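Structure at a glance
Chain residues, written in single-letter form:
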Amino acid sequence: DCNPPTNSWKQWYQRRVRGNCVGAGIFISPRGVYEQTGSGGAGLLVWALAGTIATLCTYAYAELGCMMPESGGEFVYIKRAFGELPAFLFSFCYAFLIRPAGITVVSITLAEYSISLVWKGEPLSPMMIKAVATSFVLLVAVVCCLSSKALIKFCNVTSFIKLILVGFLLVCGLAIVIKGEGRLDNFRSDTAFIGSSPNPVSYGLAFYFCMFSFQSWNSLNYMTEELKTPNRTLPYGGIMGLMAVATSYILANISYLMILDFAEIVESTTIGMDCGRISFGKVGEVIMCIGLCVSCLGCLAGVMLCISRNIQSTAEQGVFPGWMAYVNPTVNTPIAGILVFVVFVLAYLAVDVNILIQCLGTVEWLFYALTFAAFIYLRHKEPDTHRPIKVPVFIAIILFFTTSTFVVLPLFSASSRTTGIIGLCALPFGAVFYYAQHFYKRWIDEPKEGFQKNLFEFHNHKRINTSESSDDDRYQGKTEMVYR
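Residues numbered from 1 in each chain as written. Predicted model: local features only at pLDDT ≥ 70, side-chain atom pairs only at ≥ 80, totals over all residues. Heavy atoms only, no water.

Notes on helix H5 (residues 84-118)
Every α-helical turn comprises 3.6 residues, leaving residues that sit three or four positions apart pointing alike. Going by this rule: Elements are defined by DSSP. Helices are runs of H or I of four residues or more, strands are runs of E of two residues or more, and each kind is numbered from the N terminus. One fewer than the residue count of a helix, multiplied by 1.5 Å, yields its expected span. Bend at a given residue is defined as the angle between two axes, one fitted to the seven residues that end at that position and one fitted to the seven that begin there. Only protein chains enter the calculation, and the probe is 1.4 Å; a residue is then buried if its accessible area is under 20% of its type maximum, exposed if over 50%, and partly exposed in between.
Here H5 contains 35 residues, and its C-alpha end-to-end distance of 50 Å stays within 8% of the 51 Å for a straight helix at 1.5 Å per residue. Along its length, H5 shows its largest kink, about 45°, at Tyr94. In terms of burial, H5 is largely enclosed, as 29 of its 35 residues are buried.

Below is the structure:
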């Protein structure tokens, strides 16, 4: 459904960007951000800078999307600039690492909040939490296989619930201010930055957690072909929608710092419930918990729908193996894509949440840097290509060096070097997969198809010759009979 009313296209696409971005990330990332920065003031500045960078990235992507109005996002831009292999590596990492790992984090959050709603005893073991997360993933996968339309309607509803949930969080912070119980120490100039980390690597890791919350800021570039007016939608709908998301995230973090002590933010695993309980008691806790569970379910369902279709379409283009393009003819759902996505999500459930965010963050920032390198390269290589929107090239250069810094910076820290290297190991695996698939097509699949084609032509030729000879025999028999 990508055809909004013509009189409200800006508002429609702004809602779409807000609905895609706002999710469980704002309730997951704060703990990691403040743990890395070491103080409330530094963490708040990181959130503001992350919002600014995401908005500038959206602005630069608007030029690429209008210049190449094809659905596919980074795959299209990287392929045009650098060829097939880098574009394949992006599709491989996006479908099998970045998105599955992100949904794994969301499913664990969903399990933690749902357990907190019904279980008030001793904290459950991590194994039990992951078992509950597994059950939610399988449930959504079954529903997705049976009826995609039902999940689409559910996702549309949850998009509004996400925004209402963030709004309720802001009301919680306002209620604390009205009561006169706000934690003003987190905002005083002499105390807000006490304990800030002197290590620049920590701020790079903090950006990973922030940008996890801003995932899907580039969602409009994945559906450019379906946009009626991409020249207006990408710059206005995308940028204005993301500015609204960034503003709401900063206000949400102000609420966190106003309601909770810094130590409570770092130690809390259910920060949304804690804010609801402190502000409005049991009622606030239940509202936050139910709202966040619905939000996580909507995020899980939406990403599963999108990525399964992405795997299907990529397989149909010959990028992934052909069996991944299988669609159930009865209900028209990409069964193979769903199963592949679920297998990777369940595999990543065995990994710690912080490690997952750091691994996918390293790879994600790498492809962002590669995309901005493609921006600069295409501006130099194709200067005369029509660009309905022309972004100053210095913005792309700044974004390229910024994203490259976020890739390299964690590799200088002993605590994050291992996770960064593990994330980058997806690239050689993807390259092996790419060349193995090409080897199979070149030396096995194509000769097999050629052999089958030749065999079919041979049998067809033989059948025609046999039919002609039988006709000659019948004609000769009739001639002999007439002669007699």
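Section: the confidence of the model for the protein chain
Heads up, the condition is: The quantity called pLDDT is the predictor's confidence in a given residue, expressed from 0 to 100. Only heavy atoms matter for contacts: two residues are in contact if any of them lie within 4.5 Å across the pair.
Within the protein chain, residue pLDDT values average 81, and 86% of them lie at 70 or more. Confidence drops under a pLDDT of 50 for residues 472-484, and excluding neighbours within four residues, the segment shows zero contacts in the predicted structure.

Description of the side chain of Ser29
Stated precisely, the cut-off is as follows: Two N or O atoms form a polar contact when they lie within 3.5 Å of each other; inside protein one atom must be a possible hydrogen donor and the other a possible acceptor, and for residues adjacent in sequence the pair counts only when both atoms belong to side chains.
When you line up the elements, Ser29 lands in helix H2 (residues 25-37). Look at Ser29 and you get buried, because its relative accessible area is 0%. Polar contacts involving the side chain of Ser29 include one to the main-chain carbonyl oxygen of Phe209, which spans 2.6 Å. In this structure, Ser29 is in contact with Trp47, Phe209, Phe212 and Ser213, ignoring residues within four places of it in sequence.

Structural notes on the layout of surface pockets
Keep this limit in mind: Throughout, the protein atoms alone are placed on a 1 Å grid, and a set of points is a cavity if a 1.4 Å probe fits but cannot get out or a pocket if it is open with protein on both sides within 12 Å along at least five of seven lines; lining residues have an atom within 4 Å of a point. Grid points are joined across faces, edges and corners, and a volume is the space filled by probe spheres set on the points. Just so you know the grouping, Ala, Val, Leu, Ile, Met, Phe, Trp, Tyr, Cys and Pro go in nonpolar, Asp, Glu, Lys and Arg go in charged, and all remaining residues, Gly too, go in polar.
The space that makes up the second largest pocket amounts to roughly 460 Å³. Looking at the second largest pocket, it is lined by 21 residues, and the ones nearest its centre are Arg31, Ile108, Glu112, Thr269 and Val353. Only H2, H5, helix H6 (126-146) and helix H13 (353-381) provide two or more residues apiece to the lining of the second largest pocket. Residue contributions to the lining of the second largest pocket peak at five residues, all from H2. Among the residues making up the lining of the second largest pocket, the classes are represented as eleven nonpolar, five polar and five charged.

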